[in-house]
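# Fold and contact review
Read off the chains here:
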Amino acid sequence: MHELALAQSILEICEEEARKRQAGAIHKIKLRLGDFSGVVREALEFSFDALKVETLAAGAGLEIERVPLEVRCPRCGQVSSPPASDLCFVCTECGSPVDITSGRELQVEYIEVE
Ligand SMILES: [Zn+2]
């Protein structure tokens with residue numbers, strides 16, 4: 001499962017950060033997760049809960065902020081937010097292929113430690 005590996009690396013990043021701050025425990029982890037990241041949120045949460053037990057984040061809550069998909073047309077500059085399930089992205093104004101400007105994120109925004 002893809003999400004298991006992701007949860008593992010998120011925990012590693014957070015533990016490293018906690019150690020840098022000489023913290024004994026992680027209280028909260030805040031993530032930004034794009035609608036177009038290909039990550040199943042429920043599977044990520046499940047994996048996180050299963051893996052955190054042996055880490056500094058054993059008691060940590062996971063807060064996930066959704067980042068909607070946003071695309072921009074390089075030709076006419078129109079910005080829009082098509083549904084992430086819409087896999088063929090062309091500009092609704094001029095028909096050019098568009099660039100994805102946000103929605104692919106999977107990043108740790110911050111952690112709270114003690
Ligand atoms: Zn356009």
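What counts and what doesn't
- Residues numbered from 1 in each chain as written.
- Predicted model: local features only at pLDDT ≥ 70, side-chain atom pairs only at ≥ 80, totals over all residues.
- Heavy atoms only, no water.
- Helix = DSSP H or I, 4+ residues; strand = E, 2+ residues; numbered from the N terminus.
- Rg over C-alpha atoms; globule rule 2.2 N^0.38 Å.
- Contact = heavy atoms within 4.5 Å.
- Areas by Shrake-Rupley, 256 points an atom, 1.4 Å probe, with all protein chains shown as cover.
- Lys, Arg positive; Asp, Glu negative; His and termini not counted.
- Charge placed at Lys NZ, Arg CZ, Asp CG, Glu CD.
- Donors = N, O, S within 2.8 Å, 3.2 Å for Na, K, Ca; no water.
- Tetrahedral: all angles 85-135°; square planar, octahedral: opposite > 155°, others 65-115°.
- Pairing = 2+ DSSP bridges.
- Right-handed = clockwise from strand over helix to strand, strands pointing away.
- Core = buried A, V, L, I, M, F, W, Y, C linked by side-chain atoms within 4.5 Å.
- Buried < 20%, exposed > 50% of the residue type's maximum accessible area, 1.4 Å probe, protein only.
- Axes fitted to C-alpha atoms, helices over the stretch in contact; angles between N-to-C directions.

Another point: the overall build of the chain. Helices and strands together make up the secondary structure of the chain, namely two helices and six strands. A compact globule built from 114 residues would reach a C-alpha radius of gyration of about 13 Å, whereas the chain, at 17 Å, exceeds it by more than 25%. With the C-alpha coordinates aligned to their principal axes, the bounding extent of the chain is approximately 55 × 25 × 15 Å. Excluding contacts between residues fewer than 6 apart, the proportion of contacts in the chain whose partners are at least 24 apart in sequence is 73%. About 6700 Å² of surface is accessible on the chain, with carbon and sulfur atoms providing 50% of the total. Across the chain, the centroid of the 12 positively charged side chains sits 4 Å from that of the 20 negatively charged ones.

When a metal holds four donors in a tetrahedron, each ideal angle between them is 109.5 degrees; when it holds six in an octahedron, the ideal angles are 90 or 180 degrees. Note on the zinc ion: its protein donors are Cys73 (SG), Cys76 (SG), Cys91 (SG) and Cys94 (SG). The metal-donor distances range over 2.3 Å. Around the zinc ion sit four donor atoms; with metal-centred angles ranging over 104 to 121°, the donor geometry is tetrahedral. Ordering the donors of the zinc ion by residue number gives the pattern C-x2-C-x14-C-x2-C.

Glancing now at the sheet that holds strand E4 (residues 79-80). Read from one edge of the open sheet, three strands run E4-E3-E5, paired in antiparallel fashion. Both edges of this open sheet fall to E4 and strand E5 (99-102), since each of them pairs with a single strand only. Where strand E3 (residues 70-72) and E5 come together, three bridges link them in antiparallel fashion. Among the inter-strand pairings, Glu70 is bridged to a residue of E5, identified as Ser102.

Pairing geometry for strand E1 (residues 26-34) and strand E2 (residues 61-67), over seven bridges, is parallel. When the sheet's bridge partners are listed, Leu31 is paired in E2 with Ile64. You can see the chain leave E1, run along helix H2 (residues 41-52) and come back into E2, and the turn it takes is right-handed.

Let's shift gears to the nonpolar core. Ile26, Ile29 and Leu44 are the most contacted members of the largest nonpolar core, which totals 18 residues. Of all the elements in the fold, those that place two or more residues in this core are helix H1 (2-20), E1 and H2. In terms of residues, this core owes the most to one element, H1, which gives six residues. Residue contacts for Ile26: discarding those within four places in its chain leaves Cys14, Glu15, Ala18, Leu56, Ala57, Gly59, Ala60, Ile111, Glu112 and Val113. One finds Phe36, Val71, Cys73 and Cys91 within the second-largest nonpolar core, a separate group that totals seven residues.

Now for the sheet that holds E2. Read from one edge to the other, the open sheet built from three strands follows the order E2-E1-E6, with strand pairing classed as mixed. Of all the strands in the sheet, just E2 and strand E6 (106-113) have a single pairing partner and so form its edges. On average, each strand axis in the sheet is inclined to that of its neighbour by 20°, with strand direction left out of account. Sheet analysis places E1 next to E6, joined by seven bridges and oriented antiparallel.

Don't take any of this as a statement about function, it's just geometry.
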